[in-house]
Amino acid sequence: QRWIAGDRVWSGWDLAVIVVGSIVGTALSASGANALNQWAERDRDGLMPRTAKRPLPSGTLLPSRVFAVASALVVLGLGVLWLTSGLAAMCVSAACVGVYLFLYTPLKTQTWTATLVGAIPGALPPLIGWCAGYREFGFGAAVAPGGVALFMLMFVWQLPHFLAIAWMYREDYARGGHAVLPVVDKSGVKTSIVIAVFTVLLIPATISPVIAMPRVLGPLSLFTAAVSGLLFAGL
């Protein structure tokens, strides 16, 4: 069976270990990172109606307990990835957690460009699976054209996705002190331009995996990517 990452014949056991290990490890580390983010932002979350009922701002859970469990989830997730998917996959996941918590979270109150930083950990998870599939290549797998194409696809997609949500909840974000673009850009003109630009960029981004992996993705993928991208841009 040919798979996108790992263009070779897999034994049933090896495939099961990598698939289950990469999914479980990524889920655990992502869950821990998300919980740590909510721990760090619990006061601001309490100011926004959309997030005020989350467990921490509502007082359902203790901050100290959330911090301990979330940290354990991150460590456990990274450990699972290391054992089942390789060191490179683990490091990509660690980069997700690090950029998300130590760059994106504090920057959200400072500048709208934090959204660009936040798109990095949002786009890295496909690369975890890619590195797992090509674990024998070590860290070289992280810069392979196919993996980079998947990363860029996810990175570009997040901008129109997030900014549309941020525009809908711009008053909430303002209450919470988040400097997202729809809060800074009162008229919405700049927000619309950025959404439009990245929606157009999404067309080559969705086509790029076909170019990077011609032996796996063919004309049907190219047609679907181009048509869906054009329809999205038209909307």
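In what follows, the structure referred to is the one given above.
Residues numbered from 1 in each chain as written. Predicted model: local features only at pLDDT ≥ 70, side-chain atom pairs only at ≥ 80, totals over all residues. Heavy atoms only, no water.

Enquirer: Looking at this structure, I do not really get the overall build of the protein. What am I missing?
Expert: Scanning the protein from terminus to terminus reveals eleven helices and zero strands. Beginning at the N terminus, the succession of helices and strands in the protein can be written as α-α-α-α-α-α-α-α-α-α-α. On C-alpha atoms alone, the protein measures out to a radius of gyration of 19 Å, which is about the 18 Å that the 2.2 N^0.38 rule sets for 235 residues. Along the longest, intermediate and shortest principal axes, the C-alpha atoms of the protein span 55 × 45 × 25 Å. In the protein, which comprises 235 residues, the share counted as buried stands at 42%. A separation threshold of at least 6 residues defines the contact pool for the protein, and within that pool the share at least 24 residues apart is 68%. (Helix = DSSP H or I, 4+ residues; strand = E, 2+ residues; numbered from the N terminus. Rg over C-alpha atoms; globule rule 2.2 N^0.38 Å. Buried < 20%, exposed > 50% of the residue type's maximum accessible area, 1.4 Å probe, protein only. Contact = heavy atoms within 4.5 Å.)

Enquirer: Looking at this structure, how should I read the side chain of Q158?
Expert: Looking at the secondary structure, you find Q158 in helix α7 (residues 145-168). Overall, the relative accessible area of 14% leaves Q158 in the buried class. Contact partners of Q158, with chain neighbours within four places excluded, come to G118, A119, G122 and A123.

Enquirer: In this structure, what is going on with the packing of aromatic side chains? I would like to understand it.
Expert: The relation between two aromatic rings is expressed through the spacing of the ring centres and the mutual angle of the planes. As enumerated under the stated definition, the model contains six aromatic pairs in all. Each ring, one from F162 and one from Y173, has its centre 6.1 Å from the other, and the planes form 65 degrees; the classification is edge-to-face. Of this pair, F162 sits in helix α7 while Y173 sits in helix α8 (residues 170-175), and the two are eleven residues apart along the sequence. In this pair, the class of F162 matches that of Y173, namely buried. Here a set of aromatic residues connected by ring pairs shows up, and it is made of W130, Y134 and F137. The lysine or arginine in question, R50, covers the ring of Y169, its NZ or CZ lying 5.1 Å from the ring centre. (Phe/Tyr/Trp six-rings, centres within 6.5 Å; stacked < 30°, edge-to-face > 60°. Lys NZ or Arg CZ within 6 Å of the ring centre and 35° of its normal.)

Enquirer: Would you explain helix α3 (residues 63-85) in this entry?
Expert: Each α-helix turn comprises 3.6 residues. Residues three or four places apart therefore point the same way. An ideal rise of 1.5 Å per residue puts 33 Å on 23 residues; α3 measures up with 32 Å between its terminal C-alpha atoms. Where α3 is concerned, the buried positions are V66, A70, V74, G77, L78, L81, T84 and S85. Where α3 is buried, its residues touch α1 (12-40), α4 (87-107) and α6 (125-133). After α3 finishes, the residue G86 shows a positive phi value of roughly 105 degrees. (Expected span 1.5 Å × (residues − 1).)

Enquirer: Please explain the environment of V148 as it appears in this structure.
Expert: Turning to its location among the elements, V148 is positioned in helix α7. Among the residues examined, V148 registers a relative accessible area of 34% and is labelled partly exposed. Sequence-distant contacts of V148, defined by excluding residues within four places in its chain, comprise L127, A142 and V143.

Enquirer: Teacher, can you tell me more about the nonpolar core here?
Expert: Generally speaking, nonpolar side chains in soluble globular proteins are found buried as a group. Counting 46 residues, the largest nonpolar core has W130, C131 and F162 as the members making the most contacts within it. Sorting the residues of this core by element identifies α1, α3, α4, α5 (114-123), α6, α7, α9 (181-184) and α10 (189-212) as the ones contributing at least two each. Those residues within four positions of F162 in sequence are excluded, and the remaining contacts are Y104, T115, Y173 and V180. (Core = buried A, V, L, I, M, F, W, Y, C linked by side-chain atoms within 4.5 Å.)

Enquirer: What exactly am I supposed to notice about the environment of W39 here?
Expert: The topology assignment puts W39 in helix α1. A relative accessible area of 28% means that W39 is categorised as partly exposed. For the pair W39 and S64, spaced 25 residues apart in sequence, the C-alpha separation works out to 8.8 Å. Other than its neighbours up to four places away in sequence, W39 contacts L56, P63, V66 and F67.

Enquirer: Would you mind going over the pattern of salt bridges with me for this structure?
Expert: Where side chains of opposite charge bring their charged atoms close, a pairing between them can arise. Inspection of the entire model under this criterion finds four salt bridges. The partner of E41 in a salt bridge is K108, with the nearest N and O atoms 3.0 Å apart. Pair noted here: E41 is in the loop between α1 and α2 (42-45) and K108 is in the loop between α4 and α5, with a separation of 67 residues, a long-range link. The class for K108 is buried, based on a relative accessible area of 12%. Because the salt bridges share partners, they merge into one network encompassing E41, R44 and K108. (Salt bridge = Lys/Arg side-chain N within 4 Å of Asp/Glu carboxyl O.)

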